[in-house]
Each structure stands twice: as C-alpha cells, then as structure tokens.
Amino acid sequence: MAALIPNITPIRAFEDHEDRVVAVAVFQPQYGSDERMVTGSYDGMLRLWDLKTDVVLKKMEGHRSRVRALAISRDGKWIASGDESGELIVWHANTGELKQTINKTHDGWISSLDFSSDSRMLASGSSDTTTKLWDTSKWQVKYTLNCGGTVRCAQYSPRSDYSYACLAIATDHNIQIYHSYKYTSDDYYGYRYGYGYTPPPPPLPFPTQLMTTISGGFNYSLAWTPDGTRLLSGGNGADPTIREWDSTASYWQQVGDPWKGHFKDIHAISVDSDGTLLASASHDNRVRLWRLSDRRTIAIFKHSGEVNCVTFSANGKHVLSGGVDRKISEWPISEDALPENGSKDGLMKEQAMHQAQGYSDFKVLAMNSTVRNACIAGDWPTAERVLNSNIYNDTNDHTAYANRAFVMARKCDWDQAFRDAIRSVNIQPSLAGHISEGIALCGKKQVMAARISFDLASIFTNRDLKTDHFLFLIKAITLFNANEHQEAIIRIRELAACPSVDSVACCVVEAYLRVQLGNIALDGARYNEALEHFTAAANYADMTQPNIISCSPACFLQLFGWDLKSLWHTANQQQCYALFRTNSYRSALESYQSMMDKIDEDMKADLCAWFAAL
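Cut-offs and rules
- The residue count restarts for each chain, going from 1 along the sequence in the order it is written.
- Per-residue local features of the predicted model are confined to residues with pLDDT of at least 70, and side-chain atom pairs are confined, for both listing and counting, to 80 or more; whole-chain, interface and lining totals are unaffected and use all residues.
- Side-chain calculation: all heavy atoms of the structure are included, whereas hydrogens and water are not.
- DSSP bridges decide pairing: two strands pair if at least two such bridges lie between them.
- To qualify as a helix, a DSSP run of H or I must reach at least 4 residues; to qualify as a strand, a run of E must reach at least 2; elements of each kind are numbered from the N terminus.
- A fitted line through C-alpha atoms serves as each axis, taken over the contacting stretch for helices, and the angle formed by two N-to-C directions is quoted from 0 to 180°.
- The buried label applies to any residue whose accessible area, calculated with a 1.4 Å probe on protein chains only, is under 20% of its type's maximum; exposed applies above 50%, and partly exposed to all values in between.
- Among buried residues, those of type Ala, Val, Leu, Ile, Met, Phe, Trp, Tyr and Cys that are joined through side-chain atoms within 4.5 Å constitute a nonpolar core.
- Stacked, edge-to-face and tilted are the three classes for Phe, Tyr and Trp ring pairs, Trp counted by its six-membered ring, which pair at centre distances within 6.5 Å; planes under 30 degrees apart are stacked, over 60 edge-to-face, the rest tilted.
- Every helix has an expected span of 1.5 Å times one less than the residues it contains.
- By construction, the arc corresponds to the directions joining the helix axis to the C-beta atoms.
- For this analysis, residues touch if any pair of their heavy atoms sits within 4.5 Å.

Digging into the sheet that holds strand 3 (residues 36–41)
With respect to topology, 4 strands assemble into an open sheet ordered 2-3-4-5, the strand pairing being antiparallel. The sheet is open, and its two edges are formed by strand 2 (21–27) and strand 5 (55–60), each paired on a single side. Taken over all neighbouring pairs, the strand axes of this sheet differ in orientation by 20° on average, direction set aside. Here strand 2 pairs with strand 3 via 6 bridges, running antiparallel. In the sheet register, Val26 faces strand 3, and the bridge partner there is Met37.

Take a look at the structure:
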C-alpha cells in the first residue's frame, strides 16, 4: 500500500495561547447545546472556546504554574485541570468560572486526569508515583494508589458506576489495571436497608484492587474503545507503537501486532465515539489517523513541531490537535474514511469488501459473505447479529455455531468460543466445527485436547489434498498462538517439503510467524536471535511478495486477522532495525538502501524519517 502524503494545512487554527498546548477536550455543557472546546497550555491558563464561532469565551486564570492535564466530567458539569506544582482546580464547564482550588494535591506534577463514566469519581495521576481517587460530590480524596513509578496516564473504563469501576494506569514501566468490588443495587439495598426502602445512592466503587499488570513498557497514553472491550496504549521513543489489549480476557492478551508508523514518543491517543477511528499525537510532529478495524493509518496531519494532545470533534468528522506551535489545528476526516452516512457498519463493510477481492476463492469455511466480510473487517457486532439470527431461526444450525465460535475466538472470548464449538460438533461433527473446537481449546491453553480436535477435523477433509494442507497450516498457526512456537515452525517446514503443496501459503505463514518470533526476541533484548528470525521472514516475504495476497487463503484474515499486505515491508524494516541493534551498521544501511530501491516514491519519505530516528 502506498504511503500517505502528510497534510500540512488544517482547515482551522485556534490561536490565543502563549506557550505550547498540552491538553484539549471537546464537550457539550450541561446547560447548553453549543459544542465547546477547552484547552490547557504551558502558559498556565485554560481557554474555553465556542467551536462554531472560533471565539474564546473565557480565559480561565487560576494556575500558578504550567498546566499539564485537564478533563471534562461526562455529564458536562465540571472541568478539572492540574499543573506542575501539583495543584488541582475545578471549574464550572458552562461558564469557565473557577469553583475550587485544591493546593498541593500531589508532591509532583499532575500528568493525567479523568472522570468516571458517571462523573462521581476523578482520578489524578502524578509524577510523585501516585494516583488519587476523588469523590466529586465533596472534592475529597478517598483513596491513594501507589503505582511504583511516574504516572503518565490514567483512564477510567467507559463503564464505571455503582456496580463496577475499572481504571487503567500507565507508568514508565508498566500498565496497571485496577477494579472495584462488584455488587448489584439489589444486593446493596436489600442487605443494608431491606427491600421496599428508597435509600440514598450506593457507595462509590473506587477501583482499589489491582487486577492485573501489563509489564515491560513505557507508555505515555491510554484510551478505551467505547464498549470497554479494548484498551489502547501508546509507547515512548524506544517503542513508538500503539498496542491493543483485550479487556475481556482474564490475562489481558495483546490483540494483533503493534501499530507502527510513529518514530518518536506517542504523547496522546483518542478513540472516536463510534469506536471506528483512532487518532495519535507524537513527538515526531505528526498526528496519525488509524482505522481500528484493520489497524491501518488512513491519514497523516503534520504540525511544525511536536504534538502533545489530540481529540475528535463531537460529530466525529474532524480531528483537533495541539502542541509546541501554540495552537489547536482542526483537520478534516476524508469521505473515504467516513462514509456519507457516517456509519461504522458502512465503513467496515466497504473496507472488508475491498480487502476480500484480493483473496483466493478457496473457501473451506462455510461462511456467508456478510459474516466473512465482517470477520475480515473486525466488525464483530455485525457478524454476531447475523449468526445469532441464524441460530434463532434454526437451533440446529451447526455451521452458525462453528462460525460464531470463530468470531468469539477473534474476540479472545475463549469460554464462549468453546461452548459454541462443542454445540456445533454435538449437533453434527464437521470440519469447521472441529477446527473451531481446536482453536478454542488452544486459546484456553488445553493444547493436548486441541490436537485431538484437529485430528478429528482431518476426518472431514474428504482426502482433498488442498483441504488437508489448509488444515495443517491452521493447526500450526493455532499451536503457535498457544506458545508452541518450535512445533509450529517444524510442522510448516514438513508441509513445505511435501509434493503438490501450496508453497506460497507455506512461505507466507512461516514469514508471518517468524516476524512474531523476532518481535518476542526484541522485547527480550535478544537482538541476534531477533535478527535471525527477521532475516528468515524477509527472505520468505521476498519470495512471495508478488503473489502474497492472491495466493494466500482468506482464512488467515478471517480466523486470525493477519495483515498480509504489509508483511514484506514489516519483515524488511524489522530486519534493518535488528541489524542496527546488533551494531551491524553497514549491513543496516545496505538493508535500508535495498528497501528504498523497491518501494514507491511516496513511501520513501516515511521510511527515510524512520531510519533517521534510529
């Protein structure tokens, strides 16, 4: 795919601050219908803007040092802002008037602020290594979390109410996930007051129990998808990628590969209200607009200096970003990214149809076109809606159960995937049913049982050589995903040595898995091992590059979400990076020059910038 040309001309610029802009938020006030924007700056002030007229409604003075963070309560009532001295100020969102100043909230600068979804709690993160949880009815600290490192970002999950609260905190060495005790209103009211009594609101569920820790990374920024099933994190210059985490899995599994494009710190990320697009702001002077369905960059907006903050307009049709240029720039989201009806379904289906056209017509899995395209696009609601309807109309539709198991596996809901797979094979054993069972069992780390399921699946290939080879590759990939790395690579090589095999498919699979092994080695600072894997991946990718899409079964995308279009570029770029880390500078330069000779002209600028940042 050709590289995007950065857009350097915003459609509007909001200029009034006297120093860098580090925070921006868009909201509709509690008492009003006009869309507002509030910005925070190193000049020690906030500004309240009317987005329709570009007018500064209020210069909000009160801080005595640089403003570092701000947040809007979800009900549009309050603005909270924090500065370098650790001071917290609460403002009336409707007017911009100061409500309350809380001195020395923290012993370090306030780096992050976020309100819970019901606006009853506020989290403040600081360089003093703590996150404080506030009761917004009294503006008092109710709990202090000791995070063990500088807090870079704190974000409440979209659901934070009387029954549940979840808080993600990014520090300079990990991501910590806290949650509260879960209880229902009936449990609380019935126990405390007796049924039939009208009690006051239940106690706040401050998230104080450390549920899990995601280790090994310095993350500047976090953002949740609107449904709360995914957490996105943005890394620093050592790992300037966006990573996607599945909150529905008990061990918070990473989803897919890291999103690559930035080459310096990612200061901020924001997800639009539909959960369709993500915007990221970086020290590399760029804002990247990503599509969540396929994790691709679809637009680049370039500032004259580093970018510190980013958000979406309320209607999702514009991106607003600010940084060292002392202004907020407004950027358009193209019609290609956002169809006229603005619907997520329209975007997903359009993108899915485009990708599906390039894949082989070889379809072992009995999916109708709507479900197949939804799986390719990652549009789980559409896939589930169609499959649920099929099951409702025919409770013995074993194919629908198997396909729903595939969808649940893509969502990493392994228990539901296994239940659907078992239901499918109990109704009628089939190839798809046993494959879905094997995938679900591997997801549940029951590898021995998964092997048996794949063996049972082989009974239903009708001794068709192509189907046998397909099943062999699916089994190898699934075992690899269950951390059986060595066995998976051996199985692929054994298949590649067989006569009449699809050699391109084997090369594609091994190249993709080798990239994963290389990334694992990089994370462990085993640079020579990483170089070995990336070199193998690059060699396989070079052999298959002309036919990588047309000759690769669509199941790789449907079942595993593989991004095959960028495989060659990823393998070669990572090989170049590994050469650099092993101090093989001459070889790294040769690798870079070789890539420059083979890519389109409009891709060279991004590659050049990436290499210069090494």
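Details of unusual backbone geometry
The phi dihedral of Lys104 falls on the positive side, at around 50°, and the residue is not glycine. Structurally, Lys104 can be placed in the loop between strand 9 (98–102) and strand 10 (110–115). Lys104 gets classed as exposed once you look at its relative accessible area, which sits at 53%. Even without being a glycine, Asn285 presents a positive backbone phi close to 75°. As for its position among the elements, Asn285 is in the loop between strand 22 (277–282) and strand 23 (286–291).

Focus: the nonpolar core
Membership of the largest hydrophobic core comes to 76 residues, with the highest contact counts inside it found for Ile435, Ile439 and Ile474. By residue number, the principal contributor to this core is helix 11 (residues 503–523), which donates 12 residues.

Here we look at the packing of aromatic side chains
Evaluated as defined, the whole model comprises 9 aromatic pairs. A ring pair is formed by Trp259 and Trp290, whose centres lie 5.5 Å apart and whose planes are at 45°; its orientation type is tilted. Residue Trp259 is found in the loop between strand 20 (242–246) and strand 21 (266–271), and its partner Trp290 is found in strand 23; the two are separated by 31 residues along the sequence. Here Trp259 and Trp290 have matching classes, each one buried. Among the aromatic side chains, those forming a connected cluster through ring pairs are Trp78, Phe115 and Trp139.

Comments concerning helix 6 (residues 414–427)
Given a rise of 1.5 Å per residue, 14 residues ought to cover 20 Å, and the 20 Å separating the end C-alpha atoms of helix 6 matches this to within 8%. Where helix 6 is concerned, the buried positions are Trp414, Gln416, Ala417, Asp420, Ala421, Ser424 and Val425. Seen from one end, helix 6 has its buried residues packed into an arc of 165°, which puts them on one side. Next to the buried residues of helix 6 lie helix 5 (398–410) and helix 7 (431–443).

Concerning helix 15 (residues 585–598)
With 14 residues, helix 15 extends 20 Å from end C-alpha to end C-alpha; this agrees with the ideal 20 Å at 1.5 Å per step. Every buried residue of helix 15 is listed here: Ala588, Ser591, Tyr592, Met595 and Met596. Buried residues of helix 15, seen end-on, are gathered within an arc of 140° and therefore sit on one face of the element. Counted as exposed and oriented over 90 degrees from the buried face of helix 15: Arg586 and Asp597. Taken together, the buried residues of helix 15 touch helix 14 (567–581) and helix 16 (604–612).

Description of the pairing of strand 10
Most of strand 10 sits out of view: 6 of its 6 residues are buried. Looking at chain direction, strand 10 and strand 11 (residues 121–126) are connected through 5 bridges and run antiparallel. The residue of strand 11 that forms the bridge with Phe115 is Leu122. Count of turn residues in the strand 10/strand 11 antiparallel hairpin: 5 residues, of which Ser119 carries a positive phi of about 65°.

Details of the sheet that holds strand 26 (residues 318–323)
Through backbone hydrogen bonds, the strands of a sheet pair up, either in parallel or in antiparallel fashion. The antiparallel open sheet is built from 4 strands, whose spatial order is 1-27-26-25. Whereas interior strands pair on both sides, the edge strands pair on one side only; in this sheet they are strand 1 (12–15) and strand 25 (307–312). Recorded for the sheet is a direction-independent mean angle of 20° between the axes of neighbouring strands. Direction of pairing for strand 1 relative to strand 27 (residues 327–332): antiparallel, over a ladder of 4 bridges. The residue of strand 27 that forms the bridge with Phe14 is Ile328.

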